[in-house]
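So the chains spell out like this:
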Amino acid sequence: MMDMEKLGAELLAGRQGGAIRDMANSPEAKKLGAAIDPAAAERAVRSGDAAQLKALLSQILSTDEGKALAEKLSRFGNGK
């Protein structure tokens, strides 16, 4: 599995790095960051446990901020 810090650095260094940085610094992302347990999120990602990842994603998407961020990511992924 790829190192998460290395993956993050590569994403930010790419041609869409500025847009990714803007999303990560958005009010929605900051509120979500304060609402989730970073250690639990890291464990879920590092372990690759599908049930933990699904629970984390459900927790995020159950908030207004999570829904707004998901919409931004969807538009970003579609090149809009």
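Further up the page is the structure itself.
So, here is what we can say about the structure in this document.

The rules behind the values
Residues numbered from 1 in each chain as written. Predicted model: local features only at pLDDT ≥ 70, side-chain atom pairs only at ≥ 80, totals over all residues. Heavy atoms only, no water. Salt bridge = Lys/Arg side-chain N within 4 Å of Asp/Glu carboxyl O. Helix = DSSP H or I, 4+ residues; strand = E, 2+ residues; numbered from the N terminus. Buried < 20%, exposed > 50% of the residue type's maximum accessible area, 1.4 Å probe, protein only. Expected span 1.5 Å × (residues − 1). Polar contact = N/O pair within 3.5 Å; in protein donor to acceptor, adjacent residues only side chain to side chain. Core = buried A, V, L, I, M, F, W, Y, C linked by side-chain atoms within 4.5 Å. Axes fitted to C-alpha atoms, helices over the stretch in contact; angles between N-to-C directions. Parallel < 35°, antiparallel > 145°, perpendicular 65-115°, else oblique. Left-handed = near helix turned anticlockwise from the far one by under 90°. Contact = heavy atoms within 4.5 Å. Nonpolar A, V, L, I, M, F, W, Y, C, P; charged D, E, K, R; others polar.

**Observations concerning the pattern of salt bridges**
For the coordinates displayed, the defined rule picks out four salt bridges. Notably, a salt bridge pairs Arg75 with Glu71, separated by 3.5 Å at the nearest N-O pair. With Arg75 and Glu71 both in helix H6 (residues 64–77) and four residues apart, the pair spans about one turn of that helix. Classification of Arg75 by relative accessible area gives partly exposed; the value is 37%.

**Thoughts on helix H5 (residues 50–61)**
Here H5 spans 16 Å end to end across 12 residues, near enough to the 16 Å set by a 1.5 Å rise per residue. The N-terminus of H5 is capped by Asp49, whose side-chain oxygen sits 2.9 Å from the backbone nitrogen of Ala51.

**Description of the nonpolar core**
The biggest cluster of nonpolar side chains holds seven residues, and these are Ala29, Leu32, Ile36, Ala41, Leu56, Ile60 and Leu69. Secondary structure elements with two or more residues in this core: helix H3 (27–35) and H5.

**Quick look at the packing of helix H4 (residues 38–47) against H5**
A pair of packed helices is captured by two measures, namely the crossing angle of their axes and the spacing between those axes. At their nearest, the axes of H4 and H5 sit 8 Å apart, and the two run at 140° to each other. Relative to H5, the element H4 lies oblique. Crossing geometry of H4 relative to H5 is assigned as left-handed. Contacts from Ala41, Arg43, Ala44, Val45 and Ser47 of H4 reach H5 at Gln52, Leu53 and Leu56. Considering only residue class, the contact of H4 with H5 consists of five nonpolar, two polar and one charged.

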